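Secondary and tertiary structure notes
Okay, here's what each chain looks like letter by letter:
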Amino acid sequence: MSERIYNFSAGPAVLPVEVLEEARANLLSLGDTGVGIMEHSHRGKAFSAVLAQTEADCRKLASIPDNYQVLFLQGGASSQFFQIPMNFLESGQTADYLVTGSWSKKAVAQAKRFGTPHVAASSDDRNFTYIPRQFDYSNDPRYVHFTSNNTIFGTQWASEPEAPGDAPLVCDASSDIFCRPIDVSKYGIIYAGAQKNLGPAGVTLVIIRDDLVEAGRSDIPEMLQYRIHAENDSCYNTPPTFGIYLMGLVFKWLLKQGGLDEMHRQNRQKAEKLYAAIDDSPLFKATAEQDSRSLMNVTFVTGNPDLDADFISYAKERGLDGLKGHRSVGGMRASIYNAFPPEGVDRLIEVMGEFVRSRG
Ligand code: PMP
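Reading the values: the criteria
Residues numbered from 1 in each chain as written. Predicted model: local features only at pLDDT ≥ 70, side-chain atom pairs only at ≥ 80, totals over all residues. UniProt positions renumbered as here; feature names shortened; annotations may be inferred. Helix = DSSP H or I, 4+ residues; strand = E, 2+ residues; numbered from the N terminus. Rg over C-alpha atoms; globule rule 2.2 N^0.38 Å. Buried ≥ 20, exposed ≤ 12 C-beta atoms within 10 Å, placed from the backbone. Near = placed C-beta within 6 Å. Domains from an automatic or database assignment. Contact = placed C-beta atoms within 7 Å. Arc of directions from axis to C-beta. Expected span 1.5 Å × (residues − 1). Pairing = 2+ DSSP bridges.

Per an unreviewed UniProt entry, the protein chain is named Phosphoserine aminotransferase, and its organism is Maioricimonas rarisocia. A UniProt comment under Function (unreviewed entry) is attached to the protein chain, and it reads "Catalyzes the reversible conversion of 3-phosphohydroxypyruvate to phosphoserine and of 3-hydroxy-2-oxo-4-phosphonooxybutanoate to phosphohydroxythreonine." According to the UniProt record, the Subcellular location (unreviewed entry) comment for the protein chain is "Cytoplasm".

Right, here's the structure in full:
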């Protein structure tokens, strides 16, 4: 087997080695069942136990109150962009969107198919390099949608915004879920594609308050009703069984690490070190404004696209992969999710220094 390298990919992203090793052991036979994890019926005893444990560990990890459902859906976070307005927004109704990057913009575009989204704040004026502090909410929005971490631009909300009145807060937490403690009771819906902080691509975690499960439309296809998935414990149809299993292993790993407070401590330590190295460097420059910097996606540039490309190949030759920034912004992006090892950050800082010295 070839050696593992440091993988800074924004997603699908690095997973804990312990988790991968345990999954490997269960590929051919889950425990002593004689049937591999991917081959078990989703209605059988073995997988039902996996599903129940995954949900229980998720609830424990984030102290999810009893009046919230934990659902394991498919279609990626991108399907939530339309499933949410399809359920809660009727023609002529307004939901407020806080636009902090390309993913929020995509969410707005989907909401337009069903109702009248109102952009209550946007950081578009400075190319999404910051998190807005002022909101211009509409009178009575059906919900307020925001993106807690902007994977492409490397910005993150320090804490959740306050929604007006009793409008539920809806959060796309795809790229920072469980990177720190979260007070679920402040939210109506939290959703995240798994492939950054939770597991493999193919499963979407949706945490949704009971009253919203109830309030969703019932005249749309069953697969798009939260109610149907909640009533059937995410087994209305065949759920993404392997993804759920692996997410369960990641939850166990997070609990073993010490839970979300400990993850937050580690994530802060990794990010602060890297930002400090960038700020101290004569060559590299962070692109996000200081008070909006992400703990998960650290974006930086040299100011010269050719030099950026040189650095990316230089780093790759030294076992640091996935540092190329998103194609829409260029530069570099180091994604340092929960499972990214601190030694990888140290190595990146070393290589950045070597690169600077190599150029005299
Ligand atoms: N939201 C955010 C913040 C993302 O980073 C991504 C994927 N990079 C998406 C949504 C889209 O997720 P998916 O590919 O699972 O549809």
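A separate point is the overall build of the protein chain. When its secondary structure is counted, the protein chain shows ten helices and 14 strands. Relative to the 2.2 N^0.38 estimate, which gives 21 Å for 360 residues, the radius of gyration of the protein chain is 21 Å and therefore close to what a compact globule would have. By principal-axis analysis of the C-alpha atoms, the protein chain measures approximately 65 × 60 × 30 Å. In the protein chain, which comprises 360 residues, the share counted as buried stands at 45%.

Right, let's talk about the site of the ligand for a bit. The environment of the ligand is made up of Gly11, Gly76, Ala77, Ser78, Trp103, Thr147, Thr151, Asp172, Ser174, Ser175 and Gly193. For the shell around the ligand, the element with the most residues is helix H3 (residues 76-88), which contributes three residues.

Right, let's talk about the domain arrangement of the protein chain for a bit. Quoted interface sizes are often the accessible area lost when the parts come together. Taken domain by domain, the protein chain consists of domain 1 (17-257) and domain 2 (258-358). Relative placement of domain 1 and domain 2: their C-alpha centres are 27 Å apart. Across the contact, 25 residues belong to domain 1 and 25 residues belong to domain 2. When contributions to the side of domain 1 that touches domain 2 are tallied by element, the ones reaching two or more residues are strand S6 (149-150), strand S7 (155-156) and helix H7 (241-257). At three residues, H7 tops the list of elements feeding residues into the side of domain 1 that touches domain 2.

Here the focus is helix H4 (residues 102-111). Within an α-helix, residues lying three or four positions from one another point in the same direction, as the helix has 3.6 residues per turn. Looking only at H4, the buried set comprises Trp103, Ser104, Ala107 and Ala111. Projection of H4 onto a plane perpendicular to its axis shows the buried side chains occupying an angular sector of 100 degrees, all on one side. Contacts from the buried residues of H4 go to H3, strand S3 (94-99), strand S4 (116-122), strand S5 (144-147), S6 and strand S8 (169-172).

This next bit is on helix H8 (residues 259-280). Helix length check: H8, at 22 residues, gives a terminal C-alpha distance of 32 Å against a target of 32 Å (1.5 Å per residue), a fit within 8%. Taken together, the buried positions of H8 are Leu260, Met263, Asn267, Lys270, Ala271, Leu274 and Ile278. Buried residues of H8, seen end-on, are gathered within an arc of 100 degrees and therefore sit on one face of the element. Across H8 from its buried face, at more than 90 degrees, point the exposed residues Asp261, Ala276, Asp279 and Asp280. Contacts made by the buried residues of H8 are with helix H2 (45-61), H7, strand S11 (285-286), strand S12 (297-301), strand S14 (332-335) and helix H10 (342-358).

Below, the discussion takes up the pairing of S14. Of the two faces of S14, the one holding Met332 and Ala334 and the one holding Arg333 and Ser335 are both buried throughout. Bridge count between S12 and S14: four bridges; the pairing is antiparallel. Bridge pairing in S14 links Asn297 to Ser335.

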